[in-house]
Amino acid sequence: MDALTRSPYVRAFDEFLYKPAYFLLIGFLTIIANFFGAELFTYTCFTVILLYLCFLGRDLLPIIPMAVCAYIAPSRANNPGRNTQSVFSMENGGIYLIILAVLMVAALVYRLIRDPELGQKAFWKTKRKLLPGMLVLCGAYLLSGLGTEQLTKVAGRNIVFALLQCAAIVALYFILTGTVKWDKAPKAYLAWTGMCVGYVLLAELIFIFLRYNIIQNGVIQRTHIYSGWGHYNNIGALLAIMIPFPFFLTGKGKYTSFFYFSGALFLGGLLFTCSRGSILCGVIAYLASYVISLLHSRHARANAVIHIVTVLVLVCIVVLFRERLYRLFQALLDRKFDPAQRIQGYIAGWKQFLSAPVFGSTFYPVDFDLYQWSSSAAFTSFFPARWHNTVIQLLASCGIVGLLAYGYHRIQTLMLFLKPFSSKKLFPLVSMLTLLLTSLLDCHFFNVGPVLFYSMMLAFVEKRLDQ
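Not measured: the values here are computed from a predicted model.

## Digging into helix α11 (residues 232–242)
Line of reasoning, step 1. Among the 11 residues in α11, 11 count as buried, and that is most of the element.
Line of reasoning, step 2. When we look at burial in α11, the residues that qualify are Y232, N233, N234, I235, G236, A237, L238, L239, A240, I241 and M242.

## A closer look at the environment of F266
Line of reasoning, step 1. With respect to the helices, strands and loops of the structure, F266 is situated in helix α13 (residues 256–273).
Line of reasoning, step 2. When its relative accessible area of 0% is taken as the criterion, F266 is described as buried.
Line of reasoning, step 3. The spatial distance from the C-alpha of F266 to the C-alpha of A185 is 26 Å, given a sequence separation of 81 residues.
Line of reasoning, step 4. Excluding anything up to four places from it in sequence, F266 contacts G194, M195, G198, Y199, L202, L239, M242, I243 and P246.

## With respect to the pattern of salt bridges
Line of reasoning, step 1. Within the structure shown, the criterion is met by 3 salt bridges.
Line of reasoning, step 2. E117 is paired through a salt bridge with K181; the nearest N and O atoms lie 3.6 Å apart. Placement of the pair is E117 in the loop between α6 (94–114) and α7 (120–125) and K181 in the loop between α9 (149–179) and α10 (189–211), with a sequence separation of 64 residues.

## Notes on empty space enclosed by the protein
Space left empty within the atom packing is revealed by a probe, the size of a water molecule, rolled over the atoms.
Line of reasoning, step 1. Following the criterion strictly, the structure yields 1 cavity of 30 Å³ or more and no others.
Line of reasoning, step 2. Looking at the largest cavity, its volume works out to about 30 Å³.
Line of reasoning, step 3. Surrounding the largest cavity, Y71, W229, N234, H444, N447 and P450 form its lining.
Line of reasoning, step 4. Within the lining of the largest cavity, the residues separate by chemical class into 3 nonpolar, 3 polar and no charged.

## Regarding the packing of α13 against helix α14 (residues 276–295)
Line of reasoning, step 1. Running from N to C, α13 and α14 cross one another at 170 degrees; their axes reach a closest spacing of 9 Å. As far as their axial angle goes, α14 and α13 are roughly antiparallel. In this structure, α13 contributes Y260, G263, A264, L267, L270 and L271 to the contact, and α14 contributes S278, I279, G282, V283, Y286, Y290, S293 and L294.
Line of reasoning, step 2. Counted by class, the contact of α13 with α14 contains 10 nonpolar, 4 polar and no charged residues.

## Details of the nonpolar core
Line of reasoning, step 1. Among the nonpolar cores identified, the biggest contains 122 residues, and L53, L61, M66, Y141, F445 and L458 are the most heavily contacted of them.
Line of reasoning, step 2. Residues within four places of L61 in sequence aside, it is in contact with Y18, V180, W182, A185, P186, Y189 and F460.
Line of reasoning, step 3. Judged by nonpolar contacts, the second largest core, of 7 residues, contains Y346, A348, L370 and I392.

## Describing the packing of helix α8 (residues 131–142) against α9
Line of reasoning, step 1. With their axes 9 Å apart at the nearest point, α8 and α9 run at an angle of 170 degrees to one another. Relative to α9, the element α8 lies roughly antiparallel. On α9, the residues touching L131, M134, L137, C138, Y141 and L142 of α8 are I159, A162, L163, Q165, C166, I169, V170, Y173 and F174.
Line of reasoning, step 2. Taken together, the residues of the contact of α8 with α9 sort by class into 14 nonpolar, 1 polar and no charged.

## Quick look at the environment of Y199
Line of reasoning, step 1. For Y199, the location among the structural elements is in helix α10.
Line of reasoning, step 2. For Y199, a relative accessible area of 27% corresponds to the partly exposed category.
Line of reasoning, step 3. For the pair formed by Y199 and L404, sequence separation is 205 residues and the distance between their alpha carbons is 37 Å.
Line of reasoning, step 4. Dropping the residues within four chain positions of it, Y199 is found in contact with F258, S262, L265 and F266.

## Some words on the packing of aromatic side chains
Aromatic ring pairs are defined here through the distance separating the ring centres and the angle between the ring planes.
Line of reasoning, step 1. In the structure shown here, the tally under the stated rule is 36 aromatic pairs.
Line of reasoning, step 2. Consider the rings of Y199 and F266, whose centres lie 5.3 Å apart with planes at 75 degrees: the pair is edge-to-face. Highlighted residues: Y199 in helix α10 and F266 in helix α13, separated in sequence by 67 residues.
Line of reasoning, step 3. Note on F248 and F427: the rings are 5.9 Å apart at their centroids and 75 degrees apart in plane angle, and the pair reads as edge-to-face. With F248 in helix α12 (residues 244–248) and F427 in helix α22 (residues 423–438), this pair connects stretches of sequence that are 179 residues apart. Comparing F248 with F427 shows no difference in burial state: the two are buried.

Reading the values: rules and limits
- Note that residues are indexed from 1 along each chain, following the sequence as it is written.
- The model is predicted, so local features are restricted to residues of pLDDT at least 70 and side-chain atom pairs to those at 80 or more, both for listing and for counting; the totals for chains, interfaces and linings are taken over all residues.
- Only hydrogens and water are set aside when side-chain values are computed; all heavy atoms of the structure are taken into account.
- With a 1.4 Å probe rolled over the protein chains alone, any residue whose accessible area is under 20% of its type maximum counts as buried; one over 50% counts as exposed, and the rest are partly exposed.
- Counting from the N terminus, the helices are DSSP H or I runs at least four residues long and the strands are E runs at least two residues long.
- We call two residues contacting when some pair of their heavy atoms lies within 4.5 Å.
- When a carboxyl oxygen of Asp or Glu lies within 4 Å of a side-chain nitrogen of Lys or Arg, that pair is called a salt bridge.
- We place a 1 Å grid over just the protein atoms. Points where a 1.4 Å probe fits but has no way out form a cavity, open points with protein on both sides within 12 Å along at least 5 of 7 lines form a pocket, and any residue with an atom within 4 Å of a point lines it.
- Grid points are joined across faces, edges and corners, and a volume is the space filled by probe spheres set on the points.
- By the convention adopted, Pro, Cys, Tyr, Trp, Phe, Met, Ile, Leu, Val and Ala count as nonpolar, Lys, Arg, Asp and Glu as charged, and the other residues, Gly among them, as polar.
- Structural elements are reduced to axes, namely lines fitted to C-alpha atoms, with helices fitted over the stretch in contact, and the angle between N-to-C directions of any two is expressed from 0 to 180 degrees.
- Throughout, the term roughly parallel applies to angles under 35 degrees, roughly antiparallel to angles over 145, roughly perpendicular to angles from 65 to 115, and oblique to all others.
- The term nonpolar core refers to a set of buried residues drawn from Ala, Val, Leu, Ile, Met, Phe, Trp, Tyr and Cys, joined through side-chain atoms within 4.5 Å.
- Side-chain rings of Phe, Tyr and Trp (the six-membered ring for Trp) are treated as a pair once their centres are within 6.5 Å; stacked means planes under 30 degrees apart, edge-to-face means over 60, and tilted covers the remaining angles.

What follows is the structure, given as structure tokens:
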């Protein structure tokens, strides 16, 4: 293996994994899976890349874009929440996917055993600032519903769901903090990941609009907007979370206009998801990121033409096409931001908390029929309906213990971003705050995909941007 790592071909491929072209490859493979139902092909390619990283690669930093893109790769036809015979079912591909997972875990274990610099004792001794808060939060998840009658009914499912939440928060943070040569990691790597994910989401959204007749009689039918991994709210929230990252890249290089254009595209795509909460938070994230880029980059401020043209284009679009835009978004505008249904759920969640204030009443609602998008009984029997608000979710599911544990974790994360202060950390901070804000209107902090990215982002900020 040591001889192979010195091969010029291996070195060339290793360099490729840290350049923007690698993100194009990962994005292309993700789009192939999403458009054509080629999930098994894409996941096989991802597995091969991970095996290379574990056996021959410099470190495991390149798993960051793969992990997020693996989550958003599933095609509409293979949505497990709508199709019980999807590629994720045991008889249609599930066993093969388990084999791939076993191979990846075995390769990771091999790397940890073989590599004295990143593995062995060095891996376990790596300093991880956020680990105490994460473990406390996981402990609260695992104690969910303790002592309640509800727990006796759903104990098995509740513990598995809690473990899934724990893995989403801790696993990639724990692995990446110890298996990356952070002094060599490009500081823009997380930003390029955000660019990659944002453009993949835009491509998926365009495909959905063109393929599935989303605009009918000039009006967007938002209930028809869904892919293999989530519907309009999920797409909207993840796209909003990616908005700050193009602005991270505006400080250097000759292509500042491209990154400002990308940020505007992400915002435009977000509008077409018709996800009200995500649009509200995404607009805030866009404005905050734009201002930060101007304040902390002389190079960005020097491109006054870009900013003037951006404003003029937006104004012209609104003025020239205001009637068509109103009709296009009529369903969204007519509903405005009516929170009536959410409030009914919040009241029910609060009542569930009062019935078991210490440890909550499990992640599964007791006496309230919360809305679930999925129509698959097998899917909904495992993934509980959630309360569409992080605070209510924690109180109803984990009680005061859960809320206190979350508060401890949140204090640790905010301290990470603010001490020591760095303008480079402001963009991922805006991204994290976007996740947290959208989670006050929906259940994104308890969805696996956004939290996987959140976990990796925290590892990157702590080990690379905090230096």
